Amino acid sequence: MGYVIGIDLGTSAVKALLVDRTGEVVGEATRAYPLIQEKSGYSEQNPEDWVRATIVALSELTENFGGSREEIEGLSFSGQMHGLVLLDGEMRVLRNAILWNDTRTTAQCTEIEERVGRERLLGITKNIAMEGFTLPKLLWVKDHEPAVFEQARMFLLPKDYVRYRLTGSAEMDLSDAAGTLLLDVRKNEWSGEMCRLLGLDESLCPPLVESQDETGRLLPEMTAITGLSPNTRVFAGGADNACGAIGAGILEEGKTLCSIGTSGVILSYEEDARKDFGGKVHYFNHGAPGSYYTMGVTLSAGHSLSWLRDTFAEGVYFEELLRDVGSVPAGSDGLLYTPYLSGERTPHVDASIRGSFIGIDASHRLRHFTRAVLEGITFSLNESIRLFRENGKTVDTVVSVGGGARNAPWLQMQADVFDATVVRLKSEQGPGMGAAMLAAAGCGWFDSLKECADVFLKPDMVYRPDPETVGIYEELFDIYRDVYPATAPISRRLAKFRK
Ligand SMILES: Nc1ncnc2c1ncn2[C@@H]1O[C@H](COP(=O)(O)OP(=O)(O)O)[C@@H](O)[C@H]1O
Ligand SMILES: O=C(CO)[C@@H](O)[C@H](O)COP(=O)(O)O
């Protein structure tokens, strides 16, 4: 029997999956690492923590594996997107990585839009400048830490850095490169024009590869610590949302993904880069060669729920926290939550907006706040579904993956709010499974990712919208949409009081 490993370098933890030729997950290991938040809007991680956690997770996986290590034929990666890992000429990390949910770069986004021009920016990158992307972070370091920037010779994204440490070979795949805002998304090459206009040396950009490309073998010291074979083939991997899409079978037109991890994403397959959403949704290269996807992003989706738990129910498992949400009616007895804990991307590109609970009543208990948080996250994702529908896309079936697909009442809520059928797969580990599929296809087990998806991905549960609840949520969604314009000016005035 052959096996492959999918490594998902998430924001909260790294997860390694061991998958057999039928797509069955036969082993799993997770290691968490901390987030460093020195100021409001800042979000960093130490790349060394990712490397350590990945090595420990891989070692645990091989220790618990009954077979021979030679049977593990390949491994690949899925990674949190956009995070800037800055390296010197000796490939040493120069500072903590600045992550996708760090919103300190509003001034740099304005600079990009001014220097390049909105139309040209969309023409080259298919996206507008947003705080989370990598390019504004590079410019921020150049502006605020010139001594660090002067030493920089290359930048990588999180999973590329981990892969570099495992193999000694540095490159970036197209699906992740698209999220830097330096890629010419149609031509699949770094944009010399973007670099020139923003005063960046193109040599900072690493070599580009496809997600399925083989990028070397594990270094001897890595095989020694992880227990993996020197013959295990390593494939580049992709952005976590591209991998989440692969792992949910979003490989043809008309398929939609809802992925709730720390962030939340509504994603739709695009067969080419010809559509024009005017930058309202992200438009990136897919992990499947030659294809693309569009997506809307809620910055604090699962993060809202973990924030609620850590703040008001410390130490409680999510299963326990969510146990009573089914007993609270749709609408949480008049309590409404907006999930803007660290600003927002879709549909409001706004780094200064913050979250709110509206309608707090003396009768509300923790279960009401919990349900309101789930509803607020889901309403926020529904804004992206609405954008897709307004642009002519049909969204009738949504595959749900990630932490948000682990709870049945939340899955039913997604069906009722999205007014669409929601499908949960046998494994809800979308990005990790997508990474494993890239390795499986790379090893030649299948001719295409689509063929691999047909074998690996099995539906588990189907949730259909309940017409009565759909009506209730339509009314509540209208009220939810009024909260952003009403609270945006208040959030701006409060900004100077934040840490
Ligand atoms: N049993 C559960 N029920 C509902 N939500 C959950 C559950 N477990 C985790 N979550 C949510 O999923 C989030 C983590 O999702 P995951 O996909 O594992 O994270 P990452 O962003 O690190 O890739 C948590 O922050 C939490 O909000
Ligand atoms: O910034 C984005 C997408 O543009 C995020 O989706 C990150 O890629 C982080 O993902 P998770 O840790 O939530 O999976």
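Residues numbered from 1 in each chain as written. Chains lettered and ligands numbered in written order. Predicted model: local features only at pLDDT ≥ 70, side-chain atom pairs only at ≥ 80, totals over all residues. Heavy atoms only, no water.

For the protein chain, an unreviewed UniProt entry supplies the name Xylulose kinase and the organism Bhargavaea ullalensis.

K.L.:
Describe the pairing of strand 18 (residues 282-285), naming the residues involved and giving the relevant values.
P.N.:
Pairing between strand 18 and strand 19 (residues 292-298): four bridges, direction antiparallel. In the strand pairing of strand 19, Tyr 283 is matched with Thr 294. The hairpin turn running from strand 18 into strand 19, its antiparallel successor, is six residues long, and Gly 290 in that turn takes a positive phi close to 80°. (Pairing = 2+ DSSP bridges. Helix = DSSP H or I, 4+ residues; strand = E, 2+ residues; numbered from the N terminus.)

K.L.:
Account for the site of ligand 2, naming residues and giving values.
P.N.:
Residues in contact with ligand 2 amount to 14 residues; listed here are only the nearest, Thr 11, His 82, Asp 240, Ser 263 and Arg 345. Within the backbone of Thr 262, an N or O atom sits 3.1 Å from an oxygen atom of ligand 2. At 2.8 Å, a side-chain N or O of Arg 345 approaches an oxygen atom of ligand 2. The fraction of the free accessible surface of ligand 2 (380 Å²) that becomes covered by protein chains is 94%. (Near = heavy atom within 4 Å. Polar contact = N/O pair within 3.5 Å; in protein donor to acceptor, adjacent residues only side chain to side chain. Areas by Shrake-Rupley, 256 points an atom, 1.4 Å probe, with all protein chains shown as cover.)

K.L.:
If you had to explain the sheet that holds strand 19 to someone new, which residues and values would you point to?
P.N.:
Spatial strand order, 18-19-17-16-22-23-24: seven strands in an open sheet with mixed pairing. The sheet is open, and its two borders are formed by strand 18 and strand 24 (459-463), each paired with just one other strand. Pairwise comparison of adjacent strand axes, ignoring direction, gives a mean angle of 30° for this sheet. Bridge count between strand 23 (residues 421-425) and strand 24: four bridges; the pairing is antiparallel. (Axes fitted to C-alpha atoms, helices over the stretch in contact; angles between N-to-C directions.)

K.L.:
Help me get a handle on the UniProt feature "binding site: substrate" (unreviewed entry) in the protein chain, residues and values and all.
P.N.:
The positions UniProt marks with the feature "binding site: substrate" (unreviewed entry) are Met 81 and His 82. Relative to the helices and strands, Met 81 resides in the loop between strand 5 (72-79) and strand 6 (85-87). Discounting chain neighbours no more than four positions away, the residues touching Met 81 are Trp 100, Ser 175, Asp 176, Ala 239, Asp 240, Asn 241, Phe 284, Tyr 293 and Met 295. Mapped onto the fold, His 82 is located in the loop between strand 5 and strand 6. Residue classification places His 82 among the buried positions, given a relative accessible area of 3%. The contact partners of His 82, leaving out residues within four places of it in the chain, are Ile 98, Trp 100, Gly 132, Phe 133, Thr 134, Lys 137, Leu 157, Gly 179, Phe 284 and Arg 345. (UniProt positions renumbered as here; feature names shortened; annotations may be inferred. Contact = heavy atoms within 4.5 Å. Buried < 20%, exposed > 50% of the residue type's maximum accessible area, 1.4 Å probe, protein only.)

K.L.:
Would you mind going over a negative patch on the surface in detail, with residue names and values included?
P.N.:
Judged by side-chain charge, Asp 419, Glu 474, Glu 475, Asp 478 and Asp 482 come together as a negatively charged surface patch. Here Asp 482 is to be found in helix 17 (residues 467-494). Its relative accessible area of 53% is what places Asp 482 among the exposed residues. (Patch = residues over 30% accessible without salt bridge, like charges linked within 9 Å, V, L, I, M, F, W, Y side chains within 5 Å. Salt bridge = Lys/Arg side-chain N within 4 Å of Asp/Glu carboxyl O. Lys, Arg positive; Asp, Glu negative; His and termini not counted. Charge placed at Lys NZ, Arg CZ, Asp CG, Glu CD.)

K.L.:
Describe the pattern of salt bridges, naming the residues involved and giving the relevant values.
P.N.:
Scanning the model with the defined rule gives 37 salt bridges in all. For the salt bridge of Arg 165 with Glu 48, the shortest nitrogen-to-oxygen distance reads 2.8 Å. Within this pair, whereas Arg 165 is found in helix 6 (residues 158-167), its partner Glu 48 is found in helix 1 (residues 47-63), the two being separated by 117 residues in sequence. Judged by its relative accessible area of 23%, Arg 165 is partly exposed. Relative accessible area serves as the criterion here: at 28%, Glu 48 is assigned to the partly exposed category. Across the salt bridge formed by Arg 424 and Asp 460, the nearest N and O atoms sit 3.3 Å from each other. On the criterion of sequence distance, the pair formed by Arg 424 in strand 23 and Asp 460 in strand 24 is long-range, its members being 36 residues apart. With a relative accessible area of 37%, Asp 460 lands in the partly exposed category.

K.L.:
Account for the UniProt feature "domain: Carbohydrate kinase FGGY N-terminal" (unreviewed entry) in the protein chain, naming residues and giving values.
P.N.:
Cross-referencing UniProt, the feature "domain: Carbohydrate kinase FGGY N-terminal" (unreviewed entry) maps to residues 3-247 in the present numbering. Helix makes up 36% of residues 3-247 and strand 24%. Its end C-alpha atoms lie 16 Å apart.

K.L.:
Residues and numbers for the nonpolar core, please.
P.N.:
Within soluble globular proteins, side chains that are nonpolar generally end up buried alongside one another. Judged by nonpolar contacts, the single largest core of 146 residues is most densely connected at Ile 112, Phe 155, Leu 182 and Phe 418. A per-element tally of this core places helix 13 (residues 366-390) first, with ten residues. Those residues within four positions of Phe 155 in sequence are excluded, and the remaining contacts are Leu 84, Val 85, Leu 86, Thr 134, Leu 138, Met 172, Thr 180, Leu 182, Trp 190, Leu 204, Cys 205 and Pro 206. (Core = buried A, V, L, I, M, F, W, Y, C linked by side-chain atoms within 4.5 Å.)

K.L.:
Report on the side chain of Thr 487, specifying residues and quantitative values.
P.N.:
Note that Thr 487 resides in helix 17. Beyond its immediate sequence surroundings of up to four residues, Thr 487 is in contact with Ile 353 and Ser 356.

K.L.:
Give a description of the site of ligand 1 that names residues and reports values.
P.N.:
Neighbouring ligand 1 are 19 residues, the closest being Ser 12, Lys 15, Thr 262, Gly 302 and Arg 406. Here a nitrogen atom of ligand 1 and a side-chain polar atom of Glu 319 are 3.1 Å apart. Calculation on ligand 1 without its partners gives an accessible area of 580 Å², and the protein chains cover 89% of this total. It is helix 11 (residues 302-312) that provides the largest number of residues to the shell around ligand 1, a total of three residues. Residue composition of the shell around ligand 1, by class: six nonpolar, ten polar and three charged. (Nonpolar A, V, L, I, M, F, W, Y, C, P; charged D, E, K, R; others polar.)

K.L.:
Quick one: what's the story with helix 1, residue by residue and with numbers?
P.N.:
Across its 17 residues, helix 1 extends 24 Å between first and last C-alpha, which sits within 8% of the 24 Å expected from 1.5 Å per residue. Taken across its 17 residues, helix 1 has twelve buried, putting it largely inside the fold. Where helix 1 is concerned, the buried positions are Pro 47, Asp 49, Trp 50, Val 51, Ala 53, Thr 54, Ile 55, Ala 57, Leu 58, Ser 59, Leu 61 and Thr 62. (Expected span 1.5 Å × (residues − 1).)

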